[in-house]
Structures are given as C-alpha cells and as structure tokens.
Amino acid sequence: ILQRSIKLALDWNPYILIFPFAVFGMMLAWQEKREVRFAILLIIAHLIYCLIYFVTTRQRAPILPLLIIFEASAFFWIAEKLRSRQFKALLVPTIIFVLFAALFPPKFLQREALAFLSHSKTGSVYDRRKDHKKAEQAYLAALSFAPTDSNTLFNLGTAYLYQNEFEKAKKYFLGAIQFGGFNVDATFNLGYIYEQAGETQNALNAYREVLNNTPESLDAAFRIANIYQKQGQCPQAKIYYENIIRAKPMLSTEVRKIFSNCENKN
C-alpha cells in the first residue's frame with residue numbers, strides 16, 4: 001500500500017495487457033512451435049487450479065513470467081505485421097484485447113478506501129514498534145475515512161489502553177462491539193478497565209460474558225477468581241481457581257499458592 005504510488009508510476013505493463021496478448025501469443029506458438037506446447041498446457045492447468053480453489057495473488061504469481069514470454073512473442077508478431085502493413089492480421093489480437101477489457105475491467109480502490117488502508121496498516125506497524133502514540137494518530141486518521149470499522153476501533157482502544165487512558169479506551173472498545181458484534185478481546189479489556197476503575201460488578205459481567213462465549217478463556221476465569229478473592233469471597237473464588245486447574249493441571253501448584261492466601265485468612 002505504501003509503495004502504491006511507485007508501483008503505479010512504474011507499472012507500464014499491467015495485467016490487462018499481459019493476459020490477452022499472452023493468450024494470443026500462445027495461440028501463435030501452439031500452431032508454429034510444438035516445443036512450447038508443454039508450457040502452454042502448464043499455464044492452462046494452473047488457471048484451472050486457480051479457478052477451482054480460488055487461490056490468492058501470490059499463488060497466481062509464479063505463472064506470470066511464462067505469460068510475459070508469450071506476451072512478448074505476440075508483440076514481436078504484431079510489430080512485424082505493422083511493418084509489413086498487414087493490418088487485417090491484427091483483427092484477432094484486437095478482438096481478444098477488447099473482449100478481455102470488456103469482461104474483466106480493472107478495478108481500482110477508491111481514494112478514501114486506499115487512505116483508510118494506508119493509515120490502518122501504518123497504525124499496526126507502530127503497534128509492533130510499541131509506539132502507541134503514533135499508532136493512536138494513525139488509527140484516528142483511518143477512522144476519519146471509516147468511522148464504523150470495528151477492527152480499527154478495537155486497535156485504537158488498545159493503543160489508548162497501553163497509554164493508560166482508560167476512558168478513551170473504553171469508548172472505542174464499546175464502539176468495536178457495537179459495530180462488529182461480540183469481540184472477546186474487546187470485552188476482556190473492558191472488564192480490565194472496569195476493574196481498574198473500581199466498577200467491580202461491571203468487570204465481573206464483562207469477564208463472565210467472555211467465559212460464556214469462550215469457556216476456555218483461563219484469563220477471564222483468573223480475573224473473576226482474583227476479584228472474588230480480593231472481596232474475601234473465597235468459596236466463589238475457589239470455584240474458578242479449580243476450573244483453571246482442571247483445564248491446565250500444570251498450573252495447579254501456582255494457582256493453589258495464590259488461593260492459599262484466601263484460605264488462610266478464613
């Protein structure tokens with residue numbers, strides 16, 4: 001995305017030229033050069049594979065050099081016909097090109113969509129660099145183009161969470177859930193924010209919602225157990241600690257050590 005402007009400036013041989021002229025080049029080669037028929041069959045087989053499995057661009061890319069070879073042979077043939085003024089012979093490649101352009105017109109991203117992708121991807125780069133302030137700025141810029149994108153709302157909330165700006169983080173986590181449906185990470189983070197703000201019941205509700213949707217979440221179970229332990233409600237805490245031990249027996253020693261403080265107080 002960040003290299004798009006360079007690509008557009010240098011991409012003087014786009015796919016809309018490569019494929020139709022490569023097809024014409026293969027038609028010529030099939031008649032005139034028997035030794036290249038295997039390469040043509042390879043291209044056809046690869047095309048069928050792509051159509052069946054609907055693979056992405058990187059799987060289609062390996063066949064591109066062969067297409068460019070046939071495209072080049074078509075261009076040499078066309079140049080020869082032009083030099084010899086055999087214009088009628090150019091009818092077939094012209095028809096192939098026009099048909100391809102009509103059936104498969106190039107689709108370009110709108111400027112707003114491109115700007116959104118650029119800012120959102122830039123934000124993820126800053127996230128990996130732990131530069132959460134710059135990530136915040138990038139995600140805010142992205143949201144100016146797509147204010148209801150749930151992934152960006154979540155990422156911005158996470159950037160604020162790392163900066164301990166809990167109220168702002170809560171706003172965007174709630175937005176991510178509103179526009180994207182249940183989000184286990186956003187809901188868990190909301191529970192943590194409520195817990196830090198002393199809103200114990202809201203925190204418990206959020207963690208329980210995480211467990212209701214993803215029962216295997218040991219983090220949510222531990223946070224609930226920890227809250228109950230801090231409140232001195234050891235029987236309730238014990239239920240969740242034992243659930244953790246059953247799910248991960250290797251944690252039994254550590255969990256029992258944590259819970260022993262609660263038992264000793266009783």
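One can find the structure itself at the top, above this paragraph.
Residues numbered from 1 in each chain as written. Predicted model: local features only at pLDDT ≥ 70, side-chain atom pairs only at ≥ 80, totals over all residues. Heavy atoms only, no water.

Asks: I'd like to hear about the overall build of the protein chain, residue by residue, with values.
Replies: Looking only at helices and strands, one finds 15 helices and zero strands in the protein chain. Scaling as 2.2 N^0.38, a compact globule of 266 residues should have a C-alpha radius of gyration of about 18 Å, whereas the protein chain reaches 30 Å, well beyond that. Overall size of the protein chain, expressed as C-alpha extent along the three principal axes, is 100 × 40 × 30 Å. When each of the 266 residues of the protein chain is scored for burial, the buried share is 33%. The contacts of the protein chain with a sequence gap of at least 6 include a subset with a gap of at least 24, amounting to 49%. Total accessible area computed for the protein chain in this model is approximately 17400 Å², and 60% of it derives from carbon and sulfur atoms. Between the centroid of the 31 positive side chains of the protein chain and the centroid of its 21 negative side chains there is a distance of 7 Å. (Helix = DSSP H or I, 4+ residues; strand = E, 2+ residues; numbered from the N terminus. Rg over C-alpha atoms; globule rule 2.2 N^0.38 Å. Buried < 20%, exposed > 50% of the residue type's maximum accessible area, 1.4 Å probe, protein only. Contact = heavy atoms within 4.5 Å. Areas by Shrake-Rupley, 256 points an atom, 1.4 Å probe, with all protein chains shown as cover. Lys, Arg positive; Asp, Glu negative; His and termini not counted. Charge placed at Lys NZ, Arg CZ, Asp CG, Glu CD.)

Asks: Account for helix α8 (residues 132-143), with residues named and values stated.
Replies: With twelve residues, α8 extends 16 Å between its outermost C-alpha atoms, agreeing within 8% with the 16 Å of an ideal straight helix rising 1.5 Å per residue. Among the residues of α8, those classed as buried are His132, Ala135, Glu136, Ala138, Tyr139, Ala142 and Leu143. As for α8, its buried residues are in contact with α7 (111-128), α9 (150-162) and α10 (166-180). (Expected span 1.5 Å × (residues − 1).)

Asks: Help me get a handle on the nonpolar core, residues and values and all.
Replies: Within the largest apolar cluster, 37 residues are counted, with the highest numbers of intra-cluster contacts made by Phe173, Tyr207, Ile224, Tyr240 and Tyr241. For this core, the secondary-structure elements that each account for two or more residues are α8, α9, α10, α11 (184-196), α12 (200-213), α13 (218-230), α14 (234-247) and α15 (252-265). (Core = buried A, V, L, I, M, F, W, Y, C linked by side-chain atoms within 4.5 Å.)

Asks: Can you break down a nonpolar patch on the surface residue by residue, with the values?
Replies: Among the surface-exposed residues, Trp30, Leu41, Ile44, Ile48, Tyr49, Ile52 and Tyr53 lie close enough to one another that they form a single nonpolar patch of about 730 Å² accessible area. Looking at the nonpolar patch element by element, the count peaks at six residues for helix α3 (residues 37-53). Structurally, leucine 41 can be placed in helix α3. For leucine 41, a relative accessible area of 47% gives the class partly exposed. (Patch = residues over 30% accessible without salt bridge, like charges linked within 9 Å, V, L, I, M, F, W, Y side chains within 5 Å. Salt bridge = Lys/Arg side-chain N within 4 Å of Asp/Glu carboxyl O.)

Asks: Outline a positive patch on the surface, supporting the account with residue identities and numerical values.
Replies: Side chains of Lys121, Arg128, Arg129 and Lys134 sit close together on the surface and give a patch of like positive charge. With respect to the helices and strands, lysine 121 occurs in helix α7.

Asks: So, the side chain of arginine 223: which residues are in play, and what are the values?
Replies: Turning to its location among the elements, arginine 223 is positioned in helix α13. Judged by its relative accessible area of 18%, arginine 223 falls in the buried class. Those residues within four positions of arginine 223 in sequence are excluded, and the remaining contacts are Phe188, Glu195 and Tyr207.

Asks: For the pattern of salt bridges, give the residues involved together with the corresponding values.
Replies: Counted under the stated rule, the structure contains six salt bridges. For the salt bridge of glutamate 167 with lysine 170, the shortest nitrogen-to-oxygen distance reads 3.6 Å. Taken together, the residues span about one helical turn, with glutamate 167 and lysine 170 both in helix α10 at a distance of three residues. Taking the relative accessible area as the measure of exposure, lysine 170 reaches 15% and is therefore buried. Across the salt bridge formed by lysine 238 and glutamate 242, the nearest N and O atoms sit 3.9 Å from each other. A residue pair is termed a helical-turn pair when its members lie 3 or 4 positions apart in one helix, as lysine 238 and glutamate 242 do in helix α14 at four residues.

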